[in-house]
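Here are the chains, one letter per residue:
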Amino acid sequence: MSSRTGKTRMARKIRQARKGKARKRKEQNKGTTPKFPIHKK
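For clarity, every value in this text was computed on a predicted model and none was experimentally measured.

Here the focus is the overall build of the protein chain. Looking only at helices and strands, one finds two helices and zero strands in the protein chain. The proportion of buried residues among the 41 residues of the protein chain is 0%.

What follows is the structure, encoded as structure tokens:
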């Protein structure tokens, strides 16, 4: 059986990893570009 401290540490790690996933997915689907023009002609 895992210790309660171990469970807490693991849960905290998972929560930390999940943070910002929605934003990252949104940016990945939409595609992010820099605010300045890349090619000027």
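To continue, consider a positive patch on the surface. A contiguous patch of positive charge on the surface is contributed by Arg9, Arg12, Arg15, Arg18, Lys19, Lys21, Lys24 and Arg25. Where the positive patch is concerned, the elements lending two or more residues are helix 1 (4–18) and helix 2 (21–30). By the secondary structure assignment, Lys19 is in the loop between helix 1 and helix 2.

So, on to helix 1. Look at helix 1: 21 Å from first C-alpha to last across 15 residues, which is about the 21 Å you get at 1.5 Å a residue. Just downstream of helix 1 lies Gly20, where phi reads positive at about 80°.

Counted under the stated rule, the structure contains one salt bridge. A salt bridge links Glu27 to Arg23; its shortest N-O distance comes to 3.4 Å. Here Arg23 and Glu27 lie together in helix 2, a separation of four residues that amounts to about one turn.

Reading the values: the criteria
Residues numbered from 1 in each chain as written. Predicted model: local features only at pLDDT ≥ 70, side-chain atom pairs only at ≥ 80, totals over all residues. Heavy atoms only, no water. Helix = DSSP H or I, 4+ residues; strand = E, 2+ residues; numbered from the N terminus. Buried < 20%, exposed > 50% of the residue type's maximum accessible area, 1.4 Å probe, protein only. Patch = residues over 30% accessible without salt bridge, like charges linked within 9 Å, V, L, I, M, F, W, Y side chains within 5 Å. Areas by Shrake-Rupley, 256 points an atom, 1.4 Å probe, with all protein chains shown as cover. Salt bridge = Lys/Arg side-chain N within 4 Å of Asp/Glu carboxyl O. Lys, Arg positive; Asp, Glu negative; His and termini not counted. Charge placed at Lys NZ, Arg CZ, Asp CG, Glu CD. Expected span 1.5 Å × (residues − 1).

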